[in-house]
Amino acid sequence: MLTIALESVRFFAHHGFYEQERIIGNHFVLDVLVQLPEPEHPSQLGESVNYEALFSISKAVMEVPQQLLEQVVHDISVKVKARFPVISYSKVTLRKQAPPFGGDLAYSCVALEKQY
């Protein structure tokens with residue numbers, strides 16, 4: 001099994017349940033991990049998953065404001081699988097810095113794991 005991942009990709013985006021969050025935006029940290037069978041020819045990118053494409057998919061999804069982070073991780077997961085059908089497992093984790101509920105914490109977090 002081959003694992004390819006993006007870790008701690010930082011975005012500024014306008015996701016949030018409250019209208020004010022979607023107006024002012026927030027900082028997010030994203031991890032995308034995928035697994036696929038080991039390629040027969042590991043020197044050929046066409047048999048693997050291009051992590052630049054993982055970033056492009058993630059960036060495009062992060063640019064569309066959503067009320068729920070659950071929707072964001074779902075959309076990234078679905079688009080990655082559609083682009084790379086060879087993927088057998090994925091995990092998308094999105095952390096929101098300083099969520100607006102008055103608690104003292106670094107992040108809130110939503111993660112979606114899928115076995116295909």
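Rules used throughout
- Residues numbered from 1 in each chain as written.
- Predicted model: local features only at pLDDT ≥ 70, side-chain atom pairs only at ≥ 80, totals over all residues.
- Heavy atoms only, no water.
- Phe/Tyr/Trp six-rings, centres within 6.5 Å; stacked < 30°, edge-to-face > 60°.
- Helix = DSSP H or I, 4+ residues; strand = E, 2+ residues; numbered from the N terminus.
- Buried < 20%, exposed > 50% of the residue type's maximum accessible area, 1.4 Å probe, protein only.
- Lys NZ or Arg CZ within 6 Å of the ring centre and 35° of its normal.
- Core = buried A, V, L, I, M, F, W, Y, C linked by side-chain atoms within 4.5 Å.
- Contact = heavy atoms within 4.5 Å.

Novice: For this particular structure, what's the right way to read the packing of aromatic side chains?
Specialist: Each aromatic ring pair is characterised by the separation of its centres together with the angle its planes make. Applying the stated rule across the entire model yields 2 aromatic pairs. Ring centres of Phe11 and Phe55 lie 5.9 Å apart, and the angle between their planes is 15°; on these two criteria the pair is classed as stacked. With Phe11 in strand β1 (residues 2-13) and Phe55 in helix α2 (residues 51-62), this residue pair connects regions lying 44 residues apart in the sequence. Relative accessible area serves as the criterion here: at 12%, Phe11 is assigned to the buried category. Relative to Tyr18, the ring of Phe17 lies with its centre 5.2 Å away and its plane at 85°, an arrangement referred to as edge-to-face. A cation sits over an aromatic face here: Lys81 above Tyr116, 4.5 Å from the ring centre. Arg95 extends its terminal NZ or CZ atom over the ring of Tyr107, reaching a point 5.5 Å from the ring centre.

Novice: In this structure, what is going on with the nonpolar core? I would like to understand it.
Specialist: Nonpolar side chains in soluble globular proteins tend to be buried together. One finds Leu30, Val34, Val49, Leu54, Ile76 and Leu94 to be the most contacted residues of the largest nonpolar core, which totals 26 residues. For this core, the secondary-structure elements that each account for two or more residues are β1, β2 (26-36), α2, α3 (69-83) and β3 (89-97). With near-sequence residues (within four places) excluded, Val49 lies in contact with Ile4, Val34, Leu36, Leu54, Phe84 and Ile87.

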